[in-house]
Amino acid sequence: RKFAKIYIMKKLITLLFIAILISNTTKAQESHVFADYSMLEVEFYENGEGELKSKNITSYVMGISSIVNLSERMDLIGTAGISKGFDYTFISSNLSLELTSNFNLSLGGGLYNIDDKRWVTNGLDGEQPSNLEFGLNFGLACQLTETLGVSVRYNIIEPKEDYENGSMSINGLAFGIILK
């Protein structure tokens, strides 16, 4: 129990450090916090071996984003966050295109450090296993008021690949709120 508290504190301190670093280095014109409810389809091997299992897992994500305006209708968004339910931390970068004054379409990628105990990597083709994954996401955000918005996003953290080589996958839909 004591180790779990230390582990959670380390994750929170890391997230805070990344958030401060992102906000200071990007000269952000705007920042906000967000919370997502994610429905993930996770394919993994129990204890890293045996038969491939597919489970739908609910995960809760919290994070901070910094926005830099690139042009009149395009922004660069840097994000850092943490997920519980299926445990991972991430940093990502997205391009956001303003469709209307209230709707934005975004596309981006990020680096995910997967800490979940169910995610036991084997390494493919003799490579060393790693819990770091590069993922993609795309979504739509709607600004309801000056300080409140909602979002829907599809995340492809680890795409479905070759099952014979022991490949696992994480994909899912996230619904969220954005507070400025």
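Below, the structure is looked at part by part. (Residues numbered from 1 in each chain as written. Predicted model: local features only at pLDDT ≥ 70, side-chain atom pairs only at ≥ 80, totals over all residues. Heavy atoms only, no water.)

## Quick notes on the nonpolar core
Right, on to step 1. Judged by nonpolar contacts, the single largest core of 17 residues is most densely connected at Val42, Phe86, Tyr88, Ile114, Trp119 and Ile170.
Right, on to step 2. Breaking this core down by element, the ones donating at least two residues are strand 1 (30-45), strand 2 (52-69), strand 4 (88-98), strand 5 (103-114) and strand 8 (169-179).
Right, on to step 3. Looking at this core, the element that brings in the most residues is strand 1, giving 4 residues.
Right, on to step 4. Tryptophan 119 has contacts with Val42, Glu43, Phe86, Ile114, Asn131, Glu133, Glu158, Met168, Ser169 and Ile170, leaving out every residue within four places of it along the chain. (Core = buried A, V, L, I, M, F, W, Y, C linked by side-chain atoms within 4.5 Å. Buried < 20%, exposed > 50% of the residue type's maximum accessible area, 1.4 Å probe, protein only. Helix = DSSP H or I, 4+ residues; strand = E, 2+ residues; numbered from the N terminus. Contact = heavy atoms within 4.5 Å.)

## Concerning a nonpolar patch on the surface
Right, on to step 1. On the surface, a cluster of nonpolar side chains totalling about 910 Å² of accessible area is made up of Tyr37, Met39, Tyr60, Leu97, Leu99, Phe103, Leu105, Leu140, Val152, Leu173 and Phe175.
Right, on to step 2. If you list the elements that add at least two residues to the nonpolar patch, you get strand 1, strand 5 and strand 8. (Patch = residues over 30% accessible without salt bridge, like charges linked within 9 Å, V, L, I, M, F, W, Y side chains within 5 Å. Areas by Shrake-Rupley, 256 points an atom, 1.4 Å probe, with all protein chains shown as cover. Salt bridge = Lys/Arg side-chain N within 4 Å of Asp/Glu carboxyl O.)

## Quick notes on the pattern of salt bridges
Between side chains of opposite charge, a pair can form when the charged atoms approach closely.
Right, on to step 1. Applying the stated criterion to the full structure yields 2 salt bridges.
Right, on to step 2. Arginine 153 is the partner of aspartate 36 in a salt bridge, and the nearest nitrogen-oxygen pair spans 2.2 Å. Taken together, the residues aspartate 36 in strand 1 and arginine 153 in strand 7 (residues 148-158) connect sequence positions 117 residues apart.

## Some remarks on the packing of aromatic side chains
The relation between two aromatic rings is expressed through the spacing of the ring centres and the mutual angle of the planes.
Right, on to step 1. Evaluated as defined, the whole model comprises 5 aromatic pairs.
Right, on to step 2. Between phenylalanine 138 and tyrosine 154 the ring centres are 5.8 Å apart and the planes differ by 40°, which places this aromatic pair in the tilted class. Of this pair, phenylalanine 138 sits in strand 6 (residues 132-143) while tyrosine 154 sits in strand 7, and the two are 16 residues apart along the sequence.
Right, on to step 3. Grouped by ring-pair contacts, the aromatic residues Tyr88, Phe90 and Tyr112 constitute a single cluster. (Phe/Tyr/Trp six-rings, centres within 6.5 Å; stacked < 30°, edge-to-face > 60°.)

## Observations concerning the layout of surface pockets
Right, on to step 1. Of the voids in this model, the largest pocket is the one considered here, and its volume is about 760 Å³.
Right, on to step 2. What lines the largest pocket is a set of 44 residues, among which His32, Ile67, Ile77, Ala141 and Ile178 lie closest to the centre.
Right, on to step 3. Looking at the lining of the largest pocket, the elements that each hand over two or more residues are strand 1, strand 2, strand 3 (74-84), strand 4, strand 5, strand 6, strand 7 and strand 8. (1 Å grid on protein atoms, 1.4 Å probe; cavity = no way out; pocket = protein on both sides within 12 Å on 5 of 7 lines; lining within 4 Å. Points joined across faces, edges and corners; volume = space filled by probe spheres on them.)

## Observations concerning the pairing of strand 4
Right, on to step 1. The sheet contact formed by strand 3 and strand 4 spans 10 bridges and is antiparallel. What sits directly across from methionine 74, in strand 4, is leucine 97.
Right, on to step 2. As consecutive antiparallel partners, strand 3 and strand 4 are separated by 3 residues, and within that stretch glycine 85 has a phi angle of approximately 110°, a positive value.
Right, on to step 3. With 11 bridges connecting them, strand 4 and strand 5 associate as antiparallel partners. Bridging across to strand 5, leucine 95 finds its partner in leucine 107.
Right, on to step 4. Linkage of strand 4 to strand 5, two consecutive antiparallel strands, is achieved through a turn of 4 residues. (Pairing = 2+ DSSP bridges.)

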